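Descriptive analysis of the structure
Below, each chain spelled out in residue letters.
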Amino acid sequence: MAEVKLDEKGLVPAIAQNVNTGEVLMLGYMNPGSLKRTMEGGEVWFFSRSRSDLWHKGEVSGNYMRVKSAAVDCDGDTLILQVEPDGPICHTGESNCFFTPIEDFPEFYREDTGPGVLEDLFATIQDRKQAMPQGSYTTSLFEGGAARIAQKVIEEAGEAAIAGVKGDGEQVAEEMADLFYHALVLLSASGARPEDVWEVLRERAG
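Residues numbered from 1 in each chain as written. Predicted model: local features only at pLDDT ≥ 70, side-chain atom pairs only at ≥ 80, totals over all residues. Heavy atoms only, no water.

Evaluated as defined, the whole model comprises 0 disulfides. The thiol of Cys90 is unpaired, and the distance to the nearest cysteine sulfur, on Cys97, comes to 4.0 Å. The exposure class of Cys90 is buried, given its relative accessible area of 7%. (Disulfide = S-S within 2.5 Å. Buried < 20%, exposed > 50% of the residue type's maximum accessible area, 1.4 Å probe, protein only.)

Turning our attention to the packing of aromatic side chains. Within this structure, the stated rule accounts for 2 aromatic pairs. Residues Phe46 and Trp55 carry aromatic rings whose centres are separated by 5.5 Å and whose planes lie at 40° to one another, so their mutual orientation is tilted. Classification of Trp55 by relative accessible area gives partly exposed; the value is 23%. One residue, Arg37, lies across the ring of Trp45, its end atom 4.5 Å from the ring centre. (Phe/Tyr/Trp six-rings, centres within 6.5 Å; stacked < 30°, edge-to-face > 60°. Lys NZ or Arg CZ within 6 Å of the ring centre and 35° of its normal.)

Located in the positive-phi region is Met132, a residue other than glycine, with phi close to 50°. Considering the arrangement of structural elements, one finds Met132 in the loop between α2 (115-131) and α3 (137-166). (Helix = DSSP H or I, 4+ residues; strand = E, 2+ residues; numbered from the N terminus.)

Between its terminal C-alpha atoms helix α4 (residues 169-189) stretches 30 Å, which fits the 30 Å expected from 21 residues at 1.5 Å a residue. For α4, the full list of buried residues reads Glu175, Leu179, Tyr181, His182, Leu184, Val185, Leu187 and Ser188. Positioned one or two residues after α4, Gly191 has a phi angle of 80°, which is positive. (Expected span 1.5 Å × (residues − 1).)

Time to look at the UniProt feature "domain: Phosphoribosyl-AMP cyclohydrolase" (unreviewed entry) in the chain. The feature "domain: Phosphoribosyl-AMP cyclohydrolase" (unreviewed entry), as annotated in UniProt, sits at residues 26-99 in this numbering. Taken end to end, residues 26-99 has its terminal C-alpha atoms 11 Å apart, with 14% of it in helix and 38% in strand. (UniProt positions renumbered as here; feature names shortened; annotations may be inferred.)

Across 6 bridges, the pairing between strand β1 (residues 12-18) and strand β2 (residues 24-30) is antiparallel. Across the sheet, Gln17 pairs through a bridge with Val24, a residue of β2. The loop that links β1 with its antiparallel partner β2 comprises 5 residues; one of these, Gly22, has a positive phi angle of about 80°. (Pairing = 2+ DSSP bridges.)

Next up on the list: the pattern of salt bridges. Evaluated as defined, the whole model comprises 11 salt bridges. The partner of Asp196 in a salt bridge is Arg193, and the shortest N-O contact between them spans 3.0 Å. Residue Asp196 is classed as partly exposed on the basis of its relative accessible area, which comes to 33%. With relative accessibility at 43%, the residue Arg193 sits in the partly exposed group. (Salt bridge = Lys/Arg side-chain N within 4 Å of Asp/Glu carboxyl O.)

Next comes the structure, spelled out in structure tokens:
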């Protein structure tokens, strides 16, 4: 039986290739739910990282991709789908998504989304803990000790809950950001790491 390795976000990259021409059409991401729908329904479903939801490829353009076969690579961490496309696959109208040539060394940027943001923030918190720069709010929290940090976590959790009861989505996001930040400071003060939390969640998900 094939085994598929998911990344830290529960996703696996999936390459779509035109079964008739061999043309590489696009790269998307799948989770177990989207792969199940793809295999059962015969048309490609991806997981949209921007919407955090399943995405039926072609639902807007009408250019669906019908799956003829699927395989996983030797490391178990990449899928390839042999498909028949109904039309141009890229949202730009191009037949595939790989039409921009690299002629010089490209510029790179990092997409700061999801757990990566938390990891970056935690790294900053760890740096503040070590350097303890004056005038830093994070420094003042560490100076107040674990009890003070824990109190802030309780306060922020209460404010997030109140915003949720009010149904104010924007305010919930603001308060949850404050809660995440103070929770990360508490992790640091306790000598724990975000990865320790991810490991517990992986065990519960299993």
